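Observations on chain architecture
Take a look at the letters that make up each chain.
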Amino acid sequence: MGGWFPSALLALVLFGFWGFFPKLAVQYIPPRSAVLFQVAGSLAVALCVLPFVGFRPETHPKGALFAALTGIAGVLGTLFYYQAAGRGRISLVVSLTALYPLITILLAAVFLREPLAPRQLLGMAFALVAIFLLAD
């Protein structure tokens, strides 16, 4: 395992909390308000990162564009996640939305021409079955 593993493990744990906290938030405030507070939390993290880049983040037009698109997709996805969390069982909502790698894999295959092995295709097929089984 490379140097990526500890970071991936921390991401796994933090994404677990990320999936759980919205259910608590929407018990007290509506989804649209909750997403505003989440963005405020994200901004706090961004401000903490600033000193680590010498208050001068590297820029490139395409890199900045794709990073901004990441933020837009993430916040919009989060808004819909909050709405789903407020209406459904969090165990089902997080399980279904956690299958987002299917979309990433397809995008990577089409636009980045990343190859898909038969085993990966089988895994994707199982994920599609999981979507069917998780749907109420």
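Here goes a summary of the coordinates provided. All figures in this text were calculated on a predicted structure; none of them were measured in a lab.

Taken residue by residue, helix H4 (residues 90-97) has Ile 90, Leu 92 and Val 93 as its buried positions. The arc that holds every buried residue of H4, seen down its axis, measures 165 degrees, which confines them to one face.

A separate point is the environment of Val 13. By the element assignment, Val 13 lies in helix H1 (residues 4-25). Taking the relative accessible area as the measure of exposure, Val 13 reaches 45% and is therefore partly exposed. Measuring from C-alpha to C-alpha, the distance between Val 13 and Leu 76 comes to 22 Å, with 63 residues separating the pair along the chain.

This paragraph deals with the nonpolar core. Counting residues in hydrophobic clusters, the biggest one holds five residues: Val 26, Ala 34, Val 35, Leu 79 and Tyr 82. Elements with a minimum of two residues in this core: helix H2 (31-49) and helix H3 (61-87). Contacts of Leu 79, omitting those with residues within four sequence positions, involve Pro 31, Arg 32 and Val 35.

Let's shift gears to the side chain of Gln 83. As for its placement among the helices and strands, Gln 83 is situated in helix H3. Not counting residues within four places of it along the chain, the set of residues in contact with Gln 83 comprises Pro 31 and Arg 32.

Our focus in this paragraph is the environment of Gly 88. Within the element layout of this structure, Gly 88 appears in the loop between H3 and H4. C-alpha separation for the pair Gly 88 and Val 53, spaced 35 residues apart in sequence, amounts to 40 Å. Once you skip the residues sitting within four places of it in the chain, Gly 88 turns out to touch Lys 23 and Val 93.

This part takes up the side chain of Thr 78. With respect to the helices, strands and loops of the structure, Thr 78 is situated in helix H3. Beyond its immediate sequence surroundings of up to four residues, Thr 78 is in contact with Trp 18, Val 35 and Gln 38.

Moving on to the packing of H2 against H3. Running from N to C, H2 and H3 cross one another at 135 degrees; their axes reach a closest spacing of 9 Å. Classified by the angle between their axes, H2 and H3 sit oblique to one another. In this structure, H2 crosses over H3, and the sense of that crossing is right-handed. Contacts from Pro 31, Arg 32, Ala 34, Val 35, Gln 38 and Val 39 in H2 reach Val 75, Thr 78, Leu 79, Tyr 82 and Gln 83 in H3.

Residue placement: Gly 123 occurs in helix H6 (residues 118-134). For Gly 123, a relative accessible area of 38% gives the class partly exposed. Between the alpha carbons of Gly 123 and Leu 102 there is a distance of 9.4 Å; along the sequence they are 21 residues apart.

Quick look at the packing of aromatic side chains now. Inspection of the entire model under this criterion finds four aromatic pairs. Where Trp 4 meets Phe 5, the ring centres are 5.6 Å apart and the plane angle is 75 degrees; that geometry is what we call edge-to-face. A relative accessible area of 54% places Trp 4 in the exposed class. Here the aromatic rings of Phe 17 and Phe 21 are separated by 5.5 Å at their centres, their planes lie at 35 degrees, and the arrangement is tilted. Within this pair, Phe 17 and its partner Phe 21 are both found in helix H1, separated by four residues, close to a single helical turn. For Phe 21, a relative accessible area of 45% translates into the label partly exposed.

Calculation notes
- Residues numbered from 1 in each chain as written.
- Predicted model: local features only at pLDDT ≥ 70, side-chain atom pairs only at ≥ 80, totals over all residues.
- Heavy atoms only, no water.
- Buried < 20%, exposed > 50% of the residue type's maximum accessible area, 1.4 Å probe, protein only.
- Helix = DSSP H or I, 4+ residues; strand = E, 2+ residues; numbered from the N terminus.
- Arc of directions from axis to C-beta.
- Core = buried A, V, L, I, M, F, W, Y, C linked by side-chain atoms within 4.5 Å.
- Contact = heavy atoms within 4.5 Å.
- Axes fitted to C-alpha atoms, helices over the stretch in contact; angles between N-to-C directions.
- Parallel < 35°, antiparallel > 145°, perpendicular 65-115°, else oblique.
- Left-handed = near helix turned anticlockwise from the far one by under 90°.
- Phe/Tyr/Trp six-rings, centres within 6.5 Å; stacked < 30°, edge-to-face > 60°.

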